[in-house]
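Examination of the molecular architecture
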Amino acid sequence: RAHREKKDAEELRDTAYGLTMPLVMKSDGSKFGKSESGTVWLSADRTSPYDLYQYFIQTADADAGTLLRYFTFLPPDEILRLESAVKTAPEKREAQTRLARELVKLVHGESALEKAAGATQALFGTEIRNLDREALLEAFAGAGSTKKPRSSIAGGTMTVVDLLVEAGLCGGKGAARKDIQGGGIYLNNERVSDPSATVSEKDLLAGFAIVLRKGKKSYHLYRFDG
């Protein structure tokens with residue numbers, strides 16, 4: 001009996017078991033995973049909570065339901081409701097927002113979620129003034145950035161027009177003035193209406209930066225650190 005038990009144990013030790021899962025595929029046929037472009041990581045050191053939130057909120061309409069089923073614990077009825085919302089009101093991106101919120105909360109916790117969501121909302125509103133240094137840098141990590149000495153802004157003589165040209169948001173001073181007069185230029189998400197407007201230390205966000213925006217998506221972060 002002992003010999004038989006020993007033999008069974010040896011056979012069991014030599015047996016390997018594997019668990020396989022199907023690849024997560026996007027609607028366009030590409031793989032969702034680290035081998036594809038746009039890699040995301042669970043570690044905040046590699047993908048910040050803000051970047052994770054942004055990644056999932058940009059999910060294609062056709063993929064939202066699939067990813068909700070894979071990556072969240074939402075009940076089936078709620079996922080079906082969100083899929084329906086994508087079809088009836090795609091501009092609201094309700095499914096993508098819920099997906100992003102669920103993932104960030106699951107991976108990084110409630111506090112990180114609220115910070116990431118707040119930074120996202122602040123990108124287009126005056127709430128941008130409420131962002132701290134870390135959140136501001138995360139939010140504009142992908143935007144153009146220029147460092148200038150703090151002394152350059154102290155006198156209040158630096159014009160918005162000059163900064164727009166330096167940042168490459170406008171092709172020249174004439175174009176910058178025209179864009180301001182057309183209502184397409186924003187300083188810290190507040191529309192600039194005066195072509196002769198200047199910036200000073202009172203405009204600094206988190207005590208060190210200003211954000212210029214042209215239109216809806218063209219941003220530039222100016223840092224006045226030292």
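Residues numbered from 1 in each chain as written. Predicted model: local features only at pLDDT ≥ 70, side-chain atom pairs only at ≥ 80, totals over all residues. Heavy atoms only, no water.

A word on the nonpolar core
Rules: Residues grouped as a nonpolar core are buried Ala, Val, Leu, Ile, Met, Phe, Trp, Tyr and Cys residues, joined through side-chain atoms within 4.5 Å. A 1.4 Å probe rolled over the protein chains alone gives each residue an accessible area, and that area as a share of the maximum for its type sets the label: buried under 20%, exposed over 50%, partly exposed in between. The secondary structure listing takes helices from DSSP runs of H or I that are at least 4 residues long and strands from runs of E that are at least 2 residues long, numbered from the N terminus.
Formed by 37 residues in total, the largest nonpolar core has its most connected members in Tyr53, Phe56, Ile128, Leu136 and Phe140. At the level of elements, helix H2 (49-57), helix H3 (61-71), helix H4 (76-88), helix H5 (94-108), helix H6 (110-122), helix H7 (133-139), strand S6 (209-214) and strand S7 (218-223) are the ones that each hand at least two residues to this core. Leu163, Ala167, Leu169 and Ile185 belong to the second largest nonpolar core, which has 21 residues in total.

Things to note about the packing of aromatic side chains
Here is the rule: Pairing of aromatic side chains requires ring centres within 6.5 Å, counting the rings of Phe and Tyr and the six-membered ring of Trp. Pairs whose planes differ by under 30 degrees are stacked, by over 60 edge-to-face, and all others tilted. Only when the NZ atom of a Lys or the CZ atom of an Arg is both within 6 Å of the ring centre and within 35 degrees of the ring normal do we say a charge sits over the ring.
Under the definition given, this model contains five aromatic pairs. Look at Tyr70 and Phe71: their rings are 6.1 Å apart centre to centre, the planes differ by 45°, and that puts the pair in the tilted class. Residue Phe71 is classed as partly exposed on the basis of its relative accessible area, which comes to 24%. An aromatic cluster is present here, built from Tyr55, Phe56, Tyr70 and Phe71 joined pairwise through their rings. The positively charged end of Arg213 is found above the aromatic ring belonging to Tyr186, 4.1 Å away from the centroid.

As for the layout of surface pockets
Under the convention used in this document: Each cavity reported here is a set of points on a 1 Å grid over the protein atoms alone in which a 1.4 Å probe fits but cannot get out, each pocket an open set with protein on both sides within 12 Å along at least five of seven lines, and each lining residue one with an atom within 4 Å of a point. Grid points are joined across faces, edges and corners, and a volume is the space filled by probe spheres set on the points. The classification used treats Ala, Val, Leu, Ile, Met, Phe, Trp, Tyr, Cys and Pro as nonpolar, Asp, Glu, Lys and Arg as charged, and all other residues, Gly among them, as polar.
Of the volumes computed, that of the largest pocket is approximately 490 Å³. Along the wall of the largest pocket there are 17 residues; nearest its centre are Gln54, Gln58, Leu123, Phe124 and Lys217. Looking at which element gives the most residues to the lining of the largest pocket, the answer is H2, with three residues. In terms of residue class, the lining of the largest pocket is built from eight nonpolar, five polar and four charged.

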